[in-house]
Amino acid sequence: MNTATLDAVPPPANPVPLKQDAAVIGLVGLAHGTSHFSHLLLAPLFPIFMRDFGLSYSDVGLLMSIFFVISGSGQAMSGFVVDRIGARPVLFAAIGCFLLASLAASMATGYAGLVMVAVLAGLGNAPFHPADFTILNQRVSAPRLGYAFSAHGLTGNLGWALAPAFLVGITALADWRTAYHAAALLYVAVLSLLFWQREKLRTEVHVRHADAPKGSDLAFMKLPVVWWCFAFFLLSTMTLAVVQSYAPSILKQLHGVSVEAATLTVSAYMLCGAVGMFVGGFVAATSKHSDRVVAWAMTAGALLLLVCATGWLSGTGTMVVLAATGFAVGVGGPSRDMMIKKATPKGATGRVYGTVYSGLDVGFAVSPMVFGVFMDRGWYALTLAGAALVLLVSVYAAIGVGRRTTSR
């Protein structure tokens, strides 16, 4: 074979071994699952805390607000830290905060102790998205990023699904303090595994040149596309918060569904969302128009919610359609993350993801307050319709992102 023949041979489509990419994706996915597990570190045991410590619904609700306010504000700031010192040490510190939160929960003797748990868990949750996506964007080969984002979202949903079963199950077998000791051991195991495989999580840092103009680190905030992304996350998360917070009560009031069956519907929504994200990974890997995929997925989810709001379906039918809504929204998850990647300037991954994903925390914090007013007035169907409308508005934000990334 001569030199000309050698030159004519095309390079392999993806020279990075699958095993290498899969290891990074698996480690980051495991870490992300612990983050979502920590979202529900307190909520599943609220009835027990209310009984043991004499708390009200407002008291325990404030704990979630504290968690998401700290997580949201910290997320925007932690992106700068990730870009400066690397994602790996930030990720380790975050899981360390979850470990401390579990230990604090196991020793809580009153409301002040639970507030400390919310603070520590919020601090731990804050840097996860900028750290996770910095690692994935730097360590996973481009052809497999769609699958990486799919696995990332899927493991997050599984973390949500695991937390109630884990904490409530161990509490039923022993007591709630033992449940938190078990959660602490879980975090120790995850942190030990990540430390053992730490080389796979190493990222390059963003070095600020001495002659860089003052305020250049904040230049990305002048890009309209960043705030369109932020708006998309805020709006789409408001809908998710309605399902998580109020779907059981809505099903019970509108259709007489038992609390157990209604709560199971939320788990089904999450699991269907995980399946949707798995499918969405293949879609994201093959589609060049991630914004359109997101728009179609969110539109489908909004229409399914509207069907639920009409009351045309029986209780069982409504539960099935709600679960299907999770699948529809899940399909758009990996394309959503690809959409954010396209909007991110080089060297600003942590900062952009931190700012954009703080919209998620704002959505979780705002939605229960807004739609809680609807629920207090008995507007159960209108709550679902409002969640659907907000999801439709998020479609407009996704299209706005697409227009601005195409023109760049």
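Residues numbered from 1 in each chain as written. Predicted model: local features only at pLDDT ≥ 70, side-chain atom pairs only at ≥ 80, totals over all residues. Heavy atoms only, no water.

Looking at the overall build of the chain
Each helix and strand counted, the chain has 16 helices and zero strands in total. Each of the 408 residues in the chain was classed as buried or not, and the buried ones make up 53%. Across the chain, every contact between residues at least 6 apart in sequence was considered, and the portion connecting residues at least 24 apart equals 84%. Carbon and sulfur atoms make up 69% of the accessible area of the chain, which amounts to about 17,800 Å² in all. (Helix = DSSP H or I, 4+ residues; strand = E, 2+ residues; numbered from the N terminus. Buried < 20%, exposed > 50% of the residue type's maximum accessible area, 1.4 Å probe, protein only. Contact = heavy atoms within 4.5 Å. Areas by Shrake-Rupley, 256 points an atom, 1.4 Å probe, with all protein chains shown as cover.)

Considering the side chain of His 39
Structurally, His 39 is set in helix H2 (residues 18-39). Look at His 39 and you get buried, because its relative accessible area is 4%. Once residues lying within four places of it in the same chain are set aside, the contact partners of His 39 are Met 64, Phe 67, Asn 125 and Trp 160.

A short note on the nonpolar core
The biggest cluster of nonpolar side chains holds 116 residues, and the ones touching the most others in it are Leu 42, Phe 49, Tyr 180 and Leu 194. Among the elements that make up this core, the one with the highest residue count is helix H10 (residues 224-255) (17 residues). (Core = buried A, V, L, I, M, F, W, Y, C linked by side-chain atoms within 4.5 Å.)

Quick word on helix H5 (residues 87-106)
Taking 1.5 Å per residue as the helical rise, H5 with its 20 residues ought to reach 28 Å, and the 29 Å between its terminal C-alpha atoms agrees with that figure. Counting buried positions along H5 yields 15 of 20 residues, so the element is predominantly enclosed. (Expected span 1.5 Å × (residues − 1).)

Examining the environment of Ser 267
Take Ser 267: it is sitting in helix H11 (residues 259-286). What makes Ser 267 partly exposed here is its relative accessible area of 30%. Counting along the chain gives 106 residues from Ser 267 to Ala 161, while the straight-line C-alpha distance between them is 5.9 Å.

Describing the confidence of the model for the chain
This prediction gives the chain a mean pLDDT of 83; 88% of its residues lie at or above 70. Mean pLDDT in the chain bottoms out at helix H1 (residues 3-8), which sits at 41, and peaks at helix H9 (residues 176-196), which reaches 96. Within the model, pLDDT remains below 50 along residues 1-12, and this stretch shows one contact once partners closer than five positions in the same chain are excluded. (pLDDT = per-residue confidence, 0-100.)

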